Amino acid sequence: MIRRTLWFPPLAAALALAAHAQVSVPLGAEQGLAVFRSNCAFCHGADARGGRGPSLITAHMAASQDAEIRGIIKNGIPGTTMPAFGSLEKDDLDPLVTYLRSLASSGTPSAKATGDAEAGKAAYAANGCQTCHRIGFTGGLYGPELTRVGSGRSLEYIKESIVNPSADIPAGFEGVTVVEASGKKSTGIRINEDTFTLQLRLPNGKFASFDKTTAKSVTVLKQSLMPPYKLSGKTLDDLLAYLESLRGSIVTGDSAGKAKGIQ
Amino acid sequence: MRTTLALLLSAAALAAQVTPERLNNALGEPQNWLTYWGDYSAIRHRELKQINTANVKDLKLAWIYQTGRGGSNETMPLVVDGIMYLTAGDGVAMAVDAKSGRELWQYKHKYPAGVKATAVNRGFAILGTTLYMVTPDSWVVALEAATGKLVWQSEMAPWHEGTHYASLAPLAIKDKILVGISGGEQGVRGFIDAYDAKTGKRLWRFWTIPLKGEPGGDTWAGDSAQRGGGPAWMTGTYDPKLNLTYWGVGNPGPDLYGDVRKGDNLYSCSLVALDPDTGKLKWHFQFTPHDTHDWDAEETPVLLDLDWKGKPRKLVVQANRNAFFYVLDRETGEFLMGKPFMKQTWAKGLDAKGRPILDGNAEPTPEGKRVCPSLAGGANWMAPSYNPQTKLFYFQVRDACDVYYAAPPTYVEGKPYWGSVSRGVTDEKESGLLKALDPLTGETRWDFRYYRAPWAGTLSTAGGLIFSGDEDGYLMAFDAKTGKNLWKVSLGTRIVTAPITYAIDGKQYITLPSGGAVVTFTLP
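Residues numbered from 1 in each chain as written. Chains lettered and ligands numbered in written order. Predicted model: local features only at pLDDT ≥ 70, side-chain atom pairs only at ≥ 80, totals over all residues. Heavy atoms only, no water.

J.: Describe the overall build of chain A, naming the residues involved and giving the relevant values.
T.: Counting secondary structure elements, chain A contains ten helices and seven strands. The 263 residues of chain A split such that 39% are buried. Taking contacts inside chain A between residues at least 6 apart in sequence as the whole, the part at least 24 apart equals 61%. Surface summary for chain A: the accessible area is close to 13600 Å², and the carbon and sulfur share equals 58%. (Helix = DSSP H or I, 4+ residues; strand = E, 2+ residues; numbered from the N terminus. Buried < 20%, exposed > 50% of the residue type's maximum accessible area, 1.4 Å probe, protein only. Contact = heavy atoms within 4.5 Å. Areas by Shrake-Rupley, 256 points an atom, 1.4 Å probe, with all protein chains shown as cover.)

J.: Which residues make up the sheet that holds strand E6 (residues 207–211) of chain A, and what are the values?
T.: Residue and element names in this part refer to chain A. The five strands lie next to each other as E6-E5-E4-E3-E7, forming an open sheet whose pairing is antiparallel. Looking at which strands have only one partner, the edges of the open sheet turn out to be E6 and strand E7 (217–220). Here the strands of the sheet are splayed against their neighbours by 40° on average, with no regard to which way each runs. (Pairing = 2+ DSSP bridges. Axes fitted to C-alpha atoms, helices over the stretch in contact; angles between N-to-C directions.)

J.: Report on helix H7 (residues 117–126) of chain A, specifying residues and quantitative values.
T.: All names here are of chain A. All buried positions along H7 are accounted for by Gly120, Ala123 and Tyr124. For H7, the buried positions fall inside an angular range of 105° around the axis, keeping them on one side. In H7, the exposed positions that point more than 90 degrees away from the buried face belong to Glu118 and Ala126. Buried residues in H7 make contact with strand E1 (134–135) and helix H10 (233–244). The distance from a side-chain oxygen at the start of H7 to the backbone nitrogen of Glu118 is 2.9 Å, and the residue carrying that oxygen is Asp116. With its phi angle positive at about 75°, Gly128 sits one or two positions after the end of H7. (Arc of directions from axis to C-beta. Polar contact = N/O pair within 3.5 Å; in protein donor to acceptor, adjacent residues only side chain to side chain.)

J.: With reference to specific residues and values, describe the packing of helix H2 (residues 29–39) of chain A against helix H6 (residues 90–106) of chain A.
T.: Residue and element names in this part refer to chain A. At their nearest, the axes of H2 and H6 sit 7 Å apart, and the two run at 100° to each other. On the basis of the axis angle, H2 is roughly perpendicular to H6. Listed contacts from H6 to Ala29, Gln31, Gly32, Leu33, Val35 and Phe36 of H2 are Asp91, Asp92, Pro95, Leu96, Thr98, Tyr99, Leu100 and Ser102. The class makeup of the residues in the contact of H2 with H6 is eight nonpolar, four polar and two charged. (Parallel < 35°, antiparallel > 145°, perpendicular 65-115°, else oblique. Nonpolar A, V, L, I, M, F, W, Y, C, P; charged D, E, K, R; others polar.)

J.: Can you lay out the pattern of salt bridges for me, pointing to particular residues and giving the numbers?
T.: One pass over the full model with this rule turns up 38 salt bridges over all chains. Across the salt bridge formed by Glu89 of chain A and Lys415 of chain B, the nearest N and O atoms sit 3.4 Å from each other. One end of the pair, Glu89 of chain A, is in the loop between helix H5 (66–75) and H6; the other, Lys415 of chain B, is in the loop between strand E28 (402–404) and strand E29 (422–424), on a second chain. Given the relative accessible area of 24%, Lys415 of chain B is considered partly exposed. The shortest N-O distance in the salt bridge between Arg445 of chain B and Asp438 of chain B comes to 3.8 Å. Through salt bridges that share partners, Glu174, Arg190, Glu193 and Lys212 of chain A make up one connected network. (Salt bridge = Lys/Arg side-chain N within 4 Å of Asp/Glu carboxyl O.)

J.: Talk me through the packing of H5 of chain A against H6 of chain A; I want residue IDs and the actual numbers.
T.: Residues and elements named next belong to chain A. For the pair H5 and H6, interaxial distance at closest approach is 10 Å and the crossing angle is 120°. With respect to H6, the axis of H5 lies oblique. As H5 packs across H6, the resulting crossing turns out to be right-handed. Here Asp66, Ile69, Arg70, Ile73 and Lys74 of H5 come into contact with H6, specifically with Leu93, Asp94, Leu96, Val97, Leu100 and Arg101. Residues belonging to the contact of H5 with H6 are distributed by class as follows: six nonpolar, no polar and five charged. (Left-handed = near helix turned anticlockwise from the far one by under 90°.)

J.: Residues and numbers for the state of the cysteines, please.
T.: All names here are of chain B. One pass over the full model with this rule turns up one disulfide over all chains. The disulfide partner of Cys372 is Cys401, and the gap between their sulfur atoms is 2.3 Å. Taking the torsion about the sulfur-sulfur bond, which here is approximately 95°, the covalent link between Cys372 and Cys401 counts as right-handed. One end of the pair, Cys372, is in the loop between strand E25 (369–371) and strand E26 (385–387); the other, Cys401, is in the loop between strand E27 (392–399) and E28, with 29 residues separating them in the sequence. Exposure class is identical for Cys372 and Cys401. Each is buried. (Disulfide = S-S within 2.5 Å.)

J.: Describe unusual backbone geometry, listing the residues and the values that go with them.
T.: Here the residue pair Gly253 of chain B and Pro254 of chain B is connected by a cis peptide bond, since its omega of -5° sits within 30 degrees of zero. Tracing the sequence through the fold places Pro254 of chain B in the loop between strand E16 (244–248) and strand E17 (270–274). Cis geometry marks the peptide bond from Leu266 of chain B to Tyr267 of chain B; its omega dihedral reads -10°. Look at Ala48 of chain A: it is not a glycine, yet its phi comes out positive at around 65°. Along the polypeptide, Ala48 of chain A turns up in the loop between helix H3 (41–44) and helix H4 (59–63). Backbone geometry at Asp81 of chain B places phi at a positive 50°, although glycine is not the residue there.

J.: Can you tell me about the packing of aromatic side chains, naming the residues and giving the values?
T.: All names here are of chain B. Tallying each qualifying case throughout the model produces 30 aromatic pairs over all chains. For the pair Phe191 and Trp207, a centre-to-centre distance of 5.5 Å together with 80° between the ring planes defines the contact as edge-to-face. Note that Phe191 is positioned in strand E13 (residues 191–196) and Trp207 in strand E14 (residues 202–207), a separation of 16 residues in sequence. For Phe191, a relative accessible area of 3% gives the class buried. On the basis of an interplanar angle of 70° and a centroid distance of 6.5 Å, the ring pair of Tyr326 and Phe335 is categorised as edge-to-face. Across the pair, exposure class does not vary: Tyr326 and Phe335 are buried alike. The cationic tip of Arg122 hangs over the ring face of Trp381; the distance from NZ or CZ to the ring centre is 4.3 Å. Stacked on the ring of Phe191, the Lys or Arg Arg205 has its end atom at 3.5 Å from the ring centre. (Phe/Tyr/Trp six-rings, centres within 6.5 Å; stacked < 30°, edge-to-face > 60°. Lys NZ or Arg CZ within 6 Å of the ring centre and 35° of its normal.)

J.: Hey, could you go over the pairing of strand E30 (residues 431–438) of chain B for me, with residue numbers and the actual values?
T.: Residue and element names in this part refer to chain B. In terms of residue burial, E30 counts as a mostly covered element, since eight of its eight residues are buried. Neither face of E30 is open: one carries Ser431, Leu433, Lys435 and Leu437, the other Gly432, Leu434, Ala436 and Asp438, and all of them are buried. As judged from the seven bridges shared by E27 and E30, these two strands associate in the antiparallel manner. When the bridges of E30 are listed, Tyr394 appears paired with Ala436. As defined by bridge partners, E30 adjoins strand E31 (residues 443–450) across seven bridges and the pair is classed as antiparallel. Bridge pairing in E31 places Lys435 opposite Asp447.

J.: Explain the sheet that holds strand E11 (residues 171–173) of chain B to me, and be specific about the residues and the numbers.
T.: Residues and elements named next belong to chain B. An order of E11-E12-E13-E14 is seen for the four strands of this open sheet, with the pairing classed as antiparallel. At either margin of the open sheet sits one strand with a lone partner, and together these are E11 and E14. Pairs of neighbouring strands in the sheet enclose a mean axial angle of 20°, with direction left out of account. Bridge analysis of E13 against E14 gives five bridges, and the strand direction is antiparallel. Each bridged residue has a counterpart across the sheet, and for Ile192 the counterpart in E14 is Phe206.

J.: So what's going on with the side chain of Arg22 of chain B? Residues and values would help.
T.: For Arg22 of chain B, the position within the fold is in helix H2 (residues 20–24). Among the polar contacts listed, one links the side chain of Arg22 of chain B to the side chain of Asp81 of chain B, at a separation of 3.2 Å.

J.: I'd love a proper account of the confidence of the model for chain A, names of residues and values included.
T.: The predicted coordinates should not be examined in detail at positions where pLDDT is low. Within chain A, residue pLDDT values average 84, and 85% of them lie at 70 or more. Segment residues 1–27 of chain A: pLDDT under 50, and 101 contacts once partners within four positions in sequence are set aside and those in other chains are kept. (pLDDT = per-residue confidence, 0-100.)

And the structure:
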């Protein structure tokens, strides 16, 4: 491989693979499982009950039309980490959809949050979540935007993010501590890094740039920069219900409102 | 620079003719860069020392040439008596004044009606006064060096969308132009061709994948050899005294699903030594029998004459994608040594003949199997170099592991034929190394660690320097002895080829293509 594009990120691998074709086999769930395991399980979990992506065994999925599911797979969901599998051919796509269907109809749908979303909204404010998180354009930039967290993550994942944030730190939100030659210590979210330099977002939301060749130390933190929260069962349930209700659309270059200028 | 100047004058006397003799003695013209690897042995070391460990920190931009094309710029420019010849992918090529970066001519391949092919390109070969390149739709094209005018073009194989293509820099040997085909994920059957440099007539073809009844044909179950892959997408090396040319052969297909092609799958993942006059196989050595991890053996087969266990011996060495460094006798193909150069989890070691002793726990599975190195390999096609002063071999390592998945594929012409997919592991960050290794022992002398796994190659100079690039776009210079980073500059996009050096009027230059640009540095 790697004669043509060279760079072979996992996703490109998935897309390159996506077109490996199977013809005239009965379009069974078995075959769809193979496609799912190698392309989707990474985010949606081996059992499709969610991970970094949402559970696909939900009432919502059960109620979706095949064409809608097919469209999501082909086009991805812009502004989210759900990629477009544009080159996935009919011979793989059909069994995959059959497989997802078989899940939706056989398994019990993943649990929904039971708490009170209104009370959860208050708990969100009371616990200072907005100092680090944004919903729409409101809130801090230190943690991931939560505008659409209810669609994007499984309930289990969201819960773990609150009670044990270090369990899974999403790419782009790793914490790094730098000690400069002067002894000055800074900790922030890694925005970018290369062999010689490092760019962090500091807790105040500002960018800072560091020269790694002169720094005393650069340490990638195993701990999340979000503190773990010990909340009462009810508060946690309410908070989860609130977060699960957050299904706003992420504004992208395509969807941003464009002011009419000189035509 | 005194020797260089003298050489410059004698080279000028030879006019623009690049004779086979000049190619044989390319290392004696350090002011030029006459072949893809710089010379037939591919040591990529130059006896130029105007730029050295003491002053490399003063390097300044000399010029930037914009090819006007984006994407992956994998070309290795040639420099012949002050003129730089380079390709820019998709059948586009140009000549520029190597002193100023000003364009002299440009050539655009004319695709036949209905052909929509696109591919990177790795550069030209030159012979006499003619340049040779390949095109994405698998033509060999001969251009007049003085004008960029088309002399002839010859089809390697008829174009079908999504099957074979061509991207390598041709290799000129005597009166022939050698090329190989790409498409190891497309269910092709690989080959290496020789064309008459004058007329473009095909003179021989070596099929890298033998069929039933041919020697090696019994290493493929059923008729799997027909789609067995084994592309040859990197330029070979050549020993004029032995009259043998050395070519790496790529992965067997389908890449990750081996059950449909039981057997060793010759000559995939092998080095083949061919007679350039006839295309006849002299010997082969298979690094990875029955590969299921896409570990093409396209890494440079570097030709070194060293004292092996006290006796002078003609060697060929390769840092293979499978994470082992190999030393073979290049007259016979005898295995002399093989040692892992990074963490690998697929082989317990190599036996006395160099065959891997399998771990038995590295096959891709439907659920995914974690294996090191990654699908892209511990090494890959990034150019290594050998410095005769330090006697060290320098190469770029991709320190990464993958999860490998397998699923039975069905072959459909024009569709990729992978047999499933690989994915980077999430529990360990990939990174890269510039490694200085003693080729006689396989021991590491020093490492320099990059933040990401690189796709760039290296260059060695008599100035005591190793130049390299990284995935974040740095061009860097290192002390060849110690590995100390002496200079760096960010070129703004990932580097996917290797730096070269040349001299004009007694001034030494360092050039590296990066993105759509070709960037050249010199001392103030």
